[in-house]
Amino acid sequence: MIKMTDIIMDGHPILREKAASVKLPASQEEKETLQEMLQFLKNSQDPKIAEKYGLRPGIGLAAPQIGISKRMIAVLVTDDEENVYSYALFNPKILSHSVEQTYLEGGEGCLSVDEDIPGNVPRYARITVTGTDLNGSEVKLRLKGLPAICFQHEIDHLDGIMFYDRIDKKDPFQTYGKPVLR
Ligand SMILES: O=C(O)C[C@@H](Cc1ccccc1)[C@H](O)SCc1ccccc1
Ligand code: NI
């Protein structure tokens, strides 16, 4: 199982690389890794398991964060209407996005960053994402709210972008449209 000791921390060069596309169909090993990434999120959101293994709750994880520079992400997030988004995708890509922006009220965090970095992170309010799931099927998702922010955070990891790169240095608490409440 993936534990916090498997998470690569900020400063490691792999978090600044552009991850390689996964040649499809994915290998058995790549499928097992992606499945383990989703399982980590489930474990991290289970109070008993998280407590037992000292897991930080996570709603997303990108393969570079476990030392694998491949375009693979897992997302396990609930939106404000209690819809659960549980996805493990190869080669996720933002196909289109709104002009309208948003930001997560209170700022963002990252499993690869221990310290709190204050500031609002501008994100697209709505995105259309595609990718290939563990069964090899193409998935197309239209997202808004926290799921949209989460997918953008994870896809940024595949391009070597950390959330704090996007915080305005001159005015970190600048707002971007209507906030997504935690
Ligand atoms: O480091 C990661 O990629 C996982 C992040 C993803 C994330 C951070 C901020 C906003 C959206 C996604 C972790 O899940 S940080 C923990 C967390 C938990 C609930 C809500 C926001 C952040
Ligand atoms: Ni992160």
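- Per an unreviewed UniProt entry, the chain carries the name Peptide deformylase and comes from Pueribacillus theae.
- The UniProt entry for the chain carries the following text under Sequence similarities (unreviewed entry): "Belongs to the polypeptide deformylase family."

## So, a negative patch on the surface
Thinking step 1. On the surface, a cluster of negative charge is contributed by Asp6, Glu29, Glu32 and Glu36.
Thinking step 2. Within the fold, Asp6 resides in the segment before helix H1 (28-44).
Thinking step 3. Asp6 sits in the partly exposed class, given a relative accessible area of 33%.

## Quick word on the coordination of the nickel ion (ligand 2)
Thinking step 1. Taken together, the protein donors to the nickel ion (ligand 2) comprise Cys110 (SG), His153 (NE2) and His157 (NE2), at separations of 2.1 to 2.3 Å.
Thinking step 2. Coordination of the nickel ion (ligand 2) draws on donor residues from a single chain, spaced C-x42-H-x3-H in sequence. Note that Cys110 is positioned in the loop between strand S4 (101-104) and strand S5 (123-124) and His157 in helix H3 (residues 145-158), a separation of 47 residues in sequence. Taken as a pair, Cys110 and His157 share a single burial class, namely buried.

## Examining unusual backbone geometry
Thinking step 1. The omega angle of the peptide bond from Leu24 to Pro25 is 0°, so this bond is cis rather than trans.
Thinking step 2. You can see Pro25 is positioned in the segment before H1.
Thinking step 3. In this structure, Glu82 takes a positive phi of about 65° despite not being glycine.
Thinking step 4. Tracing the chain through its elements places Glu82 in the loop between strand S2 (72-78) and strand S3 (84-97).

## Side note on the layout of surface pockets
Thinking step 1. Put simply, the largest pocket is a space of about 1,000 Å³.
Thinking step 2. When contributions to the lining of the largest pocket are tallied by element, the ones reaching two or more residues are S2, S4, H3 and strand S8 (179-180).
Thinking step 3. Counting residues per element, the lining of the largest pocket draws most heavily on H3, at 8 residues.
Thinking step 4. Estimated volume of the second largest pocket: approximately 150 Å³.
Thinking step 5. Taken together, Ile94, Gln101, Pro122, Arg123, Tyr124, Gln152, Ile155, Asp156 and Arg166 form the lining of the second largest pocket.
Thinking step 6. At the level of secondary structure, the elements contributing two or more residues to the lining of the second largest pocket comprise S5 and H3.
Thinking step 7. The element best represented in the lining of the second largest pocket is H3, accounting for 3 residues.

## Focus: the sheet that holds S4
Thinking step 1. Taken in spatial order, the 3 strands of this open sheet run S5-S4-S8, and their pairing is mixed. Two strands bound the open sheet, and with one partner strand each, they are S5 and S8.
Thinking step 2. Bridging between S4 and S5 involves 2 bridges; their strand directions are antiparallel. Residue Thr102 lies in a different strand from S5, and its bridge partner there is Arg123.

## Focus: the side chain of Gln65
Thinking step 1. Relative to the assigned elements, Gln65 resides in the loop between strand S1 (60-62) and S2.
Thinking step 2. Judged by its relative accessible area of 1%, Gln65 is buried.
Thinking step 3. Reaching out from Gln65, the side chain makes a polar contact with the side chain of Ser112 at a distance of 3.1 Å.
Thinking step 4. The contact partners of Gln65, leaving out residues within four places of it in the chain, are Asp6, Ile7, Ile8, Leu15, Cys110, Leu111, Ser112, Glu154 and His157.

How each quantity is defined
- Residues numbered from 1 in each chain as written.
- Chains lettered and ligands numbered in written order.
- Predicted model: local features only at pLDDT ≥ 70, side-chain atom pairs only at ≥ 80, totals over all residues.
- Heavy atoms only, no water.
- UniProt positions renumbered as here; feature names shortened; annotations may be inferred.
- Patch = residues over 30% accessible without salt bridge, like charges linked within 9 Å, V, L, I, M, F, W, Y side chains within 5 Å.
- Areas by Shrake-Rupley, 256 points an atom, 1.4 Å probe, with all protein chains shown as cover.
- Salt bridge = Lys/Arg side-chain N within 4 Å of Asp/Glu carboxyl O.
- Lys, Arg positive; Asp, Glu negative; His and termini not counted.
- Charge placed at Lys NZ, Arg CZ, Asp CG, Glu CD.
- Helix = DSSP H or I, 4+ residues; strand = E, 2+ residues; numbered from the N terminus.
- Buried < 20%, exposed > 50% of the residue type's maximum accessible area, 1.4 Å probe, protein only.
- Donors = N, O, S within 2.8 Å, 3.2 Å for Na, K, Ca; no water.
- 1 Å grid on protein atoms, 1.4 Å probe; cavity = no way out; pocket = protein on both sides within 12 Å on 5 of 7 lines; lining within 4 Å.
- Points joined across faces, edges and corners; volume = space filled by probe spheres on them.
- Pairing = 2+ DSSP bridges.
- Polar contact = N/O pair within 3.5 Å; in protein donor to acceptor, adjacent residues only side chain to side chain.
- Contact = heavy atoms within 4.5 Å.

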